[in-house]
Amino acid sequence: MARAFLFVLDSFGIGGAADAERYGDAGADTFGHIFQACADGRADRQGWRKGPLAVPNMMSLGLGRAAQTATGLKTGIDAPPVASAFHGAAQEVSSGKDTPSGHWEIAGLPVRFDWGYFRDTVPAFPADLTDAIIREGKLPGILGNCHAPGTQIIERLGEEHIRTGKPICYTSIDSVLQIAAHETHFGLERLYELCLTVRRLVEPLKIGRVIARPFVGETPATFQRTHNRRDYAVPPPEPTLLDRLTGRGNKVIAVGKIGDIFAHRGISEVRKAGGNMAMFDKALGAMDDAGDGDLVFANFVDFDTEFGHRRDVAGYAGALEAFDLRLPEALSRIRPGDLLILTADHGNDPTWRGTDHTRERIPVIGIGPGLTGGDIGLRPTFADIGETVADHLGLAAGRHGTSFLAMIGGHA
């Protein structure tokens, strides 16, 4: 039985990107800097975690060796891989360091065009766009209109939003327009409808995503974003691995925000939950339900949203350790003929300046019963991941990327 499981640890880069300097990220290394901070005692938090980073299960799949491949440095982060495990790193060729670019490239479709961005910081949006959002959204106005971290802008403007009914609109260096609104005072469905309207309005600007950011609470001290986030993304311009699989009649079970990232194209069903551990439960259930030829594609977003963007080194380290503790549950579900790959979509180094993503290479580690495993080296594009999954599941080769399945003892 050939099934594939693709788990994306959102933002878990491993440094070394050849073009990092172009993005202002030369030296960024999410994994390496977290590992070092833990070793130095700078990532201890009472009741959360303490001491050196403990991720033995990912290390046994070759995470340390993948990091050395990415950076070209002998890091001292290593452990003997288990039988049938493979390890390597991949360089992004897409022009962005954002979620859609990374995930689309993983699914066999590099983003060769340039996204649109709101480069001005205040006001961030063109006046005609702001006017159209207010007019077509039937709003009394908007708040924010700037570059800002999401939690901070909600703390700053949340009370005014509740008082005036004006949604909080903001952006970052990514190709995104985010709208925060209170789930009850503004209304969750009303927020979703507004985001659909704005999605249409930003199409000519080539903005990658419009994101609904609902929150609850009544004061800055109690405001909290909920897990009812919804991403409204541009659909991929070409068929992806997901389209190819569903077009053949197989299932693609999307866990977390995967469905939103692909504009729900090539998706058979979506399973969501709040938080990485609840998402892991959903992923395990999807593994149980997957049949021959099916793909489970899961995203674990907390690494990025809760810890990377917030520059929370201890939080990120603890989240990695919690994920690693549960990895044996996934490994126990792998049958002969299955393939499990762990990877990432970009970096978000919590030791780095600012609050945005970092351009990094990503780990490509995994296992499959009966494979010889080994070193797959540095892959020139994330698309090699998608092509390997396609090869494993018996699909014809796509236009982008090269399968490494034969290198690890799978069929050619």
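Residues numbered from 1 in each chain as written. Predicted model: local features only at pLDDT ≥ 70, side-chain atom pairs only at ≥ 80, totals over all residues. Heavy atoms only, no water.

Caption draft 1: Quick look at the environment of Thr 164. One can find Thr 164 in helix H6 (residues 150–164). It is 45 Å that separates the C-alpha atoms of Thr 164 and Arg 326, two residues lying 162 residues apart in sequence. Non-local contacts of Thr 164, meaning those with residues more than four positions away in its chain, are made with Pro 140 and Leu 143. A distance of 2.8 Å separates the side chain of Thr 164 from the backbone oxygen of Glu 160, its partner in a polar contact. (Helix = DSSP H or I, 4+ residues; strand = E, 2+ residues; numbered from the N terminus. Contact = heavy atoms within 4.5 Å. Polar contact = N/O pair within 3.5 Å; in protein donor to acceptor, adjacent residues only side chain to side chain.)

Caption draft 2: A look at the side chain of Arg 213. Locating Arg 213 in the fold gives a position in strand E6 (residues 209–216). Buried charged residue Arg 213 carries no salt bridge. Nearest counter-charge: Glu 306, at 6.4 Å. Sequence-distant contacts of Arg 213, defined by excluding residues within four places in its chain, comprise Tyr 170, Gln 178, Ile 179, Ala 180, Ala 181, Leu 191, Arg 225, Arg 229 and Thr 305. (Buried < 20%, exposed > 50% of the residue type's maximum accessible area, 1.4 Å probe, protein only. Lys, Arg positive; Asp, Glu negative; His and termini not counted. Salt bridge = Lys/Arg side-chain N within 4 Å of Asp/Glu carboxyl O.)

Caption draft 3: Looking closely at unusual backbone geometry. Between Val 122 and the following residue, Pro 123, the backbone shows a cis peptide bond with an omega angle of -10°. With respect to the helices, strands and loops of the structure, Pro 123 is situated in the loop between helix H4 (99–106) and helix H5 (127–136). Unusually for a residue other than glycine, Ser 84 sits at a positive phi of about 75°. Here Ser 84 is to be found in the loop between helix H3 (63–71) and strand E2 (85–90). Owing to a relative accessible area of 14%, Ser 84 belongs among the buried residues under this scheme. A positive phi angle, near 55°, is found at Arg 311, a position not held by glycine. Inspection of the secondary structure puts Arg 311 in the loop between helix H11 (302–308) and helix H12 (313–331).

Caption draft 4: Region of interest: the nonpolar core. By size, the foremost hydrophobic cluster in this structure holds 88 residues, and its most contacted members are Phe 7, Met 58, Leu 295, Phe 323 and Leu 342. Take this core: its biggest share by element is nine residues, from H12. Aside from chain neighbours lying at most four places away, what touches Leu 342 is Phe 7, Leu 9, Met 58, Leu 61, Phe 323, Leu 327, Pro 363, Val 364 and Ile 365. Membership of the second largest hydrophobic core comes to 25 residues, among which are Ala 124, Leu 177, Ile 179 and Tyr 232. (Core = buried A, V, L, I, M, F, W, Y, C linked by side-chain atoms within 4.5 Å.)

Caption draft 5: Inspection of the packing of aromatic side chains at higher detail. Per the stated rule, a full pass over the model turns up 17 aromatic pairs. Taking 6.4 Å as the distance between ring centres and 40° as the angle between the ring planes, the aromatic pair formed by Trp 48 and Phe 307 counts as tilted. In this pair, Trp 48 sits in the loop between helix H1 (30–39) and helix H2 (56–60) while Phe 307 sits in helix H11, placing the two residues 259 residues apart along the sequence. Of the aromatic side chains, those joined through ring pairs into one cluster are Phe 7, Phe 12, Phe 31, Phe 35, Phe 280, Phe 300, Phe 303, Tyr 316 and Phe 323. We note Arg 190 situated over the ring of Phe 186; from NZ or CZ to the ring centre the distance is 4.0 Å. Positioned over the ring face of Tyr 192 is Arg 230, at 3.8 Å from the centre of the ring. (Phe/Tyr/Trp six-rings, centres within 6.5 Å; stacked < 30°, edge-to-face > 60°. Lys NZ or Arg CZ within 6 Å of the ring centre and 35° of its normal.)

Caption draft 6: Broad picture of the pattern of salt bridges. One pass over the structure, following the stated rule, counts 24 salt bridges. Here the residues in one salt-bridge network are Asp 19, Glu 92 and Arg 359, joined through shared partners.

Caption draft 7: Local environment of the sheet that holds strand E11 (residues 295–300). Strand order in the open sheet made by the eight strands is E10-E9-E11-E1-E12-E13-E2-E14, with mixed pairing throughout. In the strand order of this sheet, the two ends are held by strand E10 (269–271) and strand E14 (374–379), each with one partner. Each strand axis lies, on average, 15° off the axis of its neighbour in the sheet, ignoring direction. Pairing geometry for strand E9 (residues 252–255) and E11, over four bridges, is parallel. If you follow Ile 253 over to E11, its bridge partner there is Val 296. The sheet strands contacting helix H8 (residues 241–248) are E9 and E11, and the helix crosses E11 at an angle near 145°. Against the sheet, H12 contacts strand E1 (4–9), E11, strand E12 (339–343) and strand E13 (362–367), and its axis sits at roughly 175° relative to E1. (Pairing = 2+ DSSP bridges. Axes fitted to C-alpha atoms, helices over the stretch in contact; angles between N-to-C directions.)

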